[in-house]
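A look at the structure
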Amino acid sequence: MTTDVTSAARKTMAKLHRAPEPDVLKPMIERARLDASERKRIVTRAEHLIGDIREAQHRSWVAQFLNEYQLSSQEGLALMTLAEAYLRVPDATTADLLISDKLGDADWRSHSRSSNSRLVNSATFGLILGRVMVGEGEGGGGVVRKLVGRMGEPFVRQAVGAAMRLMGEVFVMGRTIEEAQKRMRKKENRNFTASFDMLGEAARTQKDADDFYESYWDAIDKVGREPDRDHTVSIKLSALHARYETSQYDKCVPEITERLTQLCREAMRQDVAITVDAEEADRLDMSLDIIGAIARNPEFRDWNRYGLAVQAYGKRARAVIEWADTLGRPMNVRLVKGAYWDTEIKRAQVEGLSDYPVFTRKASTDTCYLACAKDMLEAKNIGPAFATHNALTVGTILEWAAERHGKDWRGFEFQRLHGMGEGLYDRLVDEEGYHCRIYAPVGGHKELLAYLVRRLLENGANSSFVNQLADDEYDDAALLADPVEKTAKVGGSMLPQIPLPIDIMGEWKNSQGIDLNDRDTLLDTARKVNAVDFQPEGIDSVHEDPHHPSGRSRAFIEATRTSNDDVHGAITAAQAAYPEWDLRPVEERAGLLEKFADVLEENRIELMGLVVKEAFRSIPDALSEVREAADFCRYYAHRARVDMPSIRLPGPTGEYNAMKLEGRGTFATVSPWNFPLAIFVGQNAAALVTGNTVVAKPAPQTPMIARRIVELAHQCGIPHDAWKLVTGGADVGAELMSDTRIAGVAFTGSIATAKRIASTLLVDEERPIIPFIAETGGINAMIVDSTALPEQVAADVMTSAFRSAGQRCSALRMLILQEDVADEMLAMLSGAMDMLYLGDPGDPATDVGPVIDRDAYDKLMSYRETMRPRWIKTVEAPEEGLFVPPTMISIDEIEDLNREWFGPLVHVTTFKAGKLKETVQRVNAKRYGLTMGLHSRIQKSADIMQTWARVGNLYVNRSQIGAVVGSQPFGGEGLSGTGPKAGGPHYLPRFCAERAVSIDTTSAGGNASLLSLDTGEI
């Protein structure tokens, strides 16, 4: 399938995607601006609509609910998390823990006294019971406590469960399409139509995708059998494929296009309209390729019941509308504000992108929405649908529609969410003949969870019209403030608390990323990375098999080894360079590191190519390496400026006391092959900025990366003798450690090697005791309880266990599932593993590449074979190359795994509900202490982990790899390392000598400073 690269609208989208917000908004402000007479008419209309809404609030459960349970309150947050998790918990023990966790501190009684809403009162009744059950309720005793005492905890669980189900009924049209259709026939919905949406998160497995496809087909069939109602079906493309990702474009886009074609063919036959829902910004180009393929298909050329949703919070929204209008056929467009704003902001920050794909201010989104609405009303081929709960927006659209098409024109529709917007459209529909469609979610309580939380976040946010309308602090004037003029007043500038991604770290620059979710950028990056030359002079072949990733050739190993004499010569040169380097001002050394960071980013394609070809890392992993290396340089430059200046200390009068940090001499650094760029740079940058010179030995598998890094450092002005490189295997490392002139060692690697180094440093009684900074591996466990969201667990396990072929110190080695949900979780994990792609690291589609060398491959494959009877799941791997198939292995007890297997092998066992503390302590007993993870919606469980987990890095509800410099300092304890943590505020002092000075300032004959004080005494 080819991308529509010739479309002017698509080219405009590319320009707008990460353009500065003020530049994007400038034409929108002019497009949406009102003259005084327009504004007056619109406000008058909107005031009447607000009156209708207020009159309807007494029967609107949601309005009262959102007013009662503000998300900024303890009760609102507790209710949101309860609703998200409670109904998926199968066991009583965890259900009780969740109730206790969420209800213990909130004041539910105040809500039961103040509300007339059935939803609020019914929900609150169950929540009060839950609070009394945990013994923390207001007053504590009385009739309710006695009732609970007689009925027992099962009764309380039923009451809380009933409250959560009632919430579900309010926000979901029906558990099945038939139930939803029946509900749409009720009196209150008689003049509305529906767009049915099959609930659920994006597919994680092929079975998920198949189930979604069948649910869409069934919905089309059922809606098609109800010809007297113009209901439609909404389709989410990410539900039709488990790998709807840019890196998987060549596979997922054709397969989704085929599935959507089949659904549209059936919809056209049944005369059912289809709308393709909007998704995250990084999927927009793929979505338009798929949507456009259907639109251009001659089979559907005259079908006018096909369309898409457009999100106005996106900078490309107007260009998408233009694109839809230029397809040369009827297209229905649903304009929405947008549902993933917080995700889009964080993703751009994490990936270090140049700007955000969305607006950072609510008023900017409102301005874009109005500009888009005007475009849609004037478009030739678009059937407009405006999804909004905002009275001012509705009034504006009504005014513009009448201006352009006459006051009797009804060639558009409004849309609202089921359970919201009551009152806003009743008069418009019943008396004025406008069309309003209800976006109607369909699904069971389990599918409700993520949807419900998303709706509460959107409509319960302080900036939303729904929330402001329910807040007495907002009068009509505030509700009807003109967003266009508000945007124009600030020039579209970002909120102070949302800096550009490069500025989020504050004191130092965030490293620059590459938008690998943009297909053209991804393909161009891959082409350049794969074109990087990796052929050392005089060596015929780097690998045993030049056509496949395999062990290094003997010629390469010999050619890249430093002789023993050269090792000691490097130390001599570094020793000689130390005094001058240490005397340089801290500011100068820090400035050189920052310059080095810039040069690393300028050469990132070459460096990524070396990492891909020498270390077999994937393209995203290689990019992460360059970014982390730059982060280390900038962060350590910042910390050096903070930590190293002389500190004045207190003392008696007539005395000067101070302390300062200075370099110790020449450090030896030993870095691993699994992070051949980032850790290599990080260790050496820390040593250098603190005034030490350094002799660096990279892993024997990755010497070419190290050589290029040192070359670039020297080009930046770091003296050649201040950073010396030696290369080779264990014998070169041993020679380096044996030299008693070494003043400190920083090491990352295996426990066995760390112990040998420690022993070497202590064996010579004449040798000074020097710092030894070691980071080793771990048996890294992730604990998952029954409140965890399976889809999130699946994504984080795939990342933690199998990214980088499991060759990360922090990688997941042991998965501990609560036994009540183990079977369900393993089924999803197995399905997710089936979707992994193993192949060439230079292929953008690759998830899992080969392991580092033949020795590692043989060890892992031998162990894996001995565990064959305990395989839970494995996947096929390419026959040629050092590919270890990702494998889940069953173990009976936590105690059965006692060593780290450094590859894509994850061991699985279970724990009993309510035994979290004991489980953590059993993991601690292994004496490793690098990373540990928890997936749970129970805050007290996270507190238990923080109290009892003896690990350097604890991760809650996320993957447990990818520590960020300055944000997540990395390093372990026990068998996993000595500390201090790399990328943290205590790292640099370990490279320093602390030197104090005390001067008697009275030695010249008197204390002049004291005599100068006006004390009244002589």
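Parameters at a glance
Residues numbered from 1 in each chain as written. Predicted model: local features only at pLDDT ≥ 70, side-chain atom pairs only at ≥ 80, totals over all residues. Heavy atoms only, no water. Helix = DSSP H or I, 4+ residues; strand = E, 2+ residues; numbered from the N terminus. Areas by Shrake-Rupley, 256 points an atom, 1.4 Å probe, with all protein chains shown as cover. Phe/Tyr/Trp six-rings, centres within 6.5 Å; stacked < 30°, edge-to-face > 60°. Buried < 20%, exposed > 50% of the residue type's maximum accessible area, 1.4 Å probe, protein only. Pairing = 2+ DSSP bridges. Axes fitted to C-alpha atoms, helices over the stretch in contact; angles between N-to-C directions. Contact = heavy atoms within 4.5 Å. Polar contact = N/O pair within 3.5 Å; in protein donor to acceptor, adjacent residues only side chain to side chain. Right-handed = clockwise from strand over helix to strand, strands pointing away. Salt bridge = Lys/Arg side-chain N within 4 Å of Asp/Glu carboxyl O. Core = buried A, V, L, I, M, F, W, Y, C linked by side-chain atoms within 4.5 Å. Expected span 1.5 Å × (residues − 1). pLDDT = per-residue confidence, 0-100.

1. Notes on the overall build of the protein chain
When its secondary structure is counted, the protein chain shows 39 helices and 23 strands. When the accessible area of the protein chain is evaluated, it comes to approximately 40600 Å², of which 50% is carbon and sulfur surface.

2. Some words on the packing of aromatic side chains
The geometry of two aromatic rings is summed up by the distance between their centres and the angle between their planes. Inspection of every chain in the model, using the stated rule, returns 20 aromatic pairs. Aromatic pair Tyr213 and Trp217: ring centres 6.2 Å apart, planes at 40 degrees, arrangement tilted. You can see Tyr213 and its partner Trp217 sitting in helix 12 (residues 206-224), four residues apart, about one turn around the helix. A relative accessible area of 31% places Trp217 in the partly exposed class.

3. What about the sheet that holds strand 9 (residues 647-649)?
Through backbone hydrogen bonds, the strands of a sheet pair up, either in parallel or in antiparallel fashion. Sheet architecture is open: three strands sit in the order 9-10-23, paired in antiparallel fashion. A strand with exactly one partner marks an edge of an open sheet, and here the two such strands are strand 9 and strand 23 (992-1000). Strand-to-strand twist of the sheet, defined as the mean angle between neighbouring strand axes without regard to direction, takes the value 25 degrees. When strand 9 meets strand 10 (residues 655-663), the two strands line up antiparallel, connected through three bridges. Paired with Leu649 across the two strands is Asn657, which belongs to strand 10.

4. Overview of the sheet that holds strand 19 (residues 887-890)
The mixed open sheet is built from seven strands, whose spatial order is 18-19-20-17-16-21-22. Two strands bound the open sheet, and with one partner strand each, they are strand 18 (871-874) and strand 22 (953-956). Taking the axes of each pair of neighbouring strands and ignoring which way they run, one obtains an average angle of 20 degrees across the sheet. Pairing of strand 17 (residues 812-818) with strand 20 (residues 905-911), which is carried by five bridges, proceeds in the parallel orientation. Each bridged residue has a counterpart across the sheet, and for Gln818 the counterpart in strand 20 is Phe911. Seen against the sheet, helix 36 (residues 854-866) touches strand 18, strand 19 and strand 20 and runs at an angle of roughly 40 degrees to strand 20.

5. Some remarks on the side chain of Thr487
With respect to the helices and strands, the residue Thr487 is situated in helix 23 (residues 483-490). A polar atom in the side chain of Thr487 sits 3.1 Å from the backbone oxygen of Ala363.

6. Points about unusual backbone geometry
Cis geometry is adopted by the peptide bond preceding Pro980, which originates at Gly979 and carries an omega value of -5 degrees. Within the secondary structure layout, Pro980 lies in the loop between strand 22 and strand 23. For Ser804, which is not a glycine, the phi torsion comes out positive at approximately 60 degrees. Relative to the elements of secondary structure, Ser804 occurs in the loop between helix 34 (790-802) and strand 17. Residue classification places Ser804 among the buried positions, given a relative accessible area of 7%. Backbone geometry at Arg927 places phi at a positive 75 degrees, although glycine is not the residue there.

7. Things to note about the side chain of His17
Summarising the element assignment, His17 is placed in the loop between helix 1 (8-16) and helix 2 (21-32). Polar contacts involving the side chain of His17 include one to the side chain of Arg316, which spans 3.2 Å. For His17, the residues in contact, after removing those within four places along its chain, are Ala281, Lys315, Arg316, Tyr356, Pro357 and Asp515.

8. A word on the pairing of strand 17
Across the seven residues that make up strand 17, a large majority, seven, are buried. Looking at chain direction, strand 16 (residues 780-784) and strand 17 are connected through five bridges and run parallel. Along strand 17, the bridge assignment pairs Ala781 with Met814. Taking the sense of rotation as the criterion, the β-α-β connection linking strand 16, helix 34 and strand 17 turns out right-handed.

9. Quick look at the pairing of strand 3 (residues 273-276)
Of the two faces of strand 3, both are covered, the one formed by Ala273 and Thr275 as well as the one formed by Ile274 and Val276. When strand 2 (residues 232-235) meets strand 3, the two strands line up parallel, connected through four bridges. By the bridge assignment for strand 3, Ile235 is matched with Val276. In this fold, the crossover linking strand 2 to strand 3 by way of helix 13 (residues 249-270) has right-handed handedness. As paired strands, strand 3 and strand 4 (residues 306-311) are joined by three bridges and run parallel to one another. Across the sheet, residue Ile274 finds its bridge partner in strand 4, namely Tyr306.

10. Considering the environment of Ile502
Mapped onto the secondary structure, Ile502 falls in the loop between helix 23 and helix 24 (519-530). The sequence separation of Ile502 and Gly513 amounts to eleven residues, and the corresponding C-alpha distance is 9.4 Å.

11. Observations concerning the pattern of salt bridges
Here the structure, examined in full by the defined rule, presents 67 salt bridges. Residue Arg243 is joined to Glu245 by a salt bridge in which the shortest nitrogen-to-oxygen separation is 2.7 Å. A salt bridge links Glu266 to Arg269; the shortest N-O distance between them is 2.7 Å. Within this pair, Glu266 and its partner Arg269 are both found in helix 13, separated by three residues, close to a single helical turn. For Glu266, a relative accessible area of 9% gives the class buried. One connected set of salt bridges, linked through shared partners, spans Arg31, Arg41, Arg318, Asp375, Glu378, Glu399, Glu403 and Arg404.

12. What about the nonpolar core?
Membership of the largest hydrophobic core comes to 103 residues, with the highest contact counts inside it found for Phe196, Tyr306, Leu308, Leu335, Phe386 and Phe414. Among all residues touching Tyr306, those that are not within four sequence positions of it are Leu260, Cys264, Ile274, Val276, Ile290, Ile291, Ile294, Ala295, Arg329, Pro330, Met331 and Asn332.

13. Some details on the environment of Trp303
Mapped onto the elements of the fold, Trp303 is located in the loop between helix 14 (284-296) and strand 4. Residue class for Trp303 comes out buried when judged on its relative accessible area of 6%.

14. Thoughts on helix 35 (residues 822-834)
Because each turn of an α-helix spans 3.6 residues, side chains separated by three or four positions end up pointing in the same direction. With 13 residues, helix 35 ought to run about 18 Å at 1.5 Å a step, and its terminal C-alpha atoms sit 18 Å apart, in line with that. Along helix 35, the residues classified as buried are Ala822, Met825, Leu826, Met828, Leu829, Ser830, Gly831, Ala832 and Met833.

15. Re the confidence of the model for the protein chain
In the predicted model, the protein chain carries a mean pLDDT of 89, and the fraction of residues at 70 or more is 86%. Below pLDDT 50 for its whole length, residues 1-6 participates in 15 contacts with residues either more than four positions away or in separate chains. Across residues 132-151, where pLDDT falls below 50, the model places 27 contacts with residues more than four positions away in sequence or in other chains.

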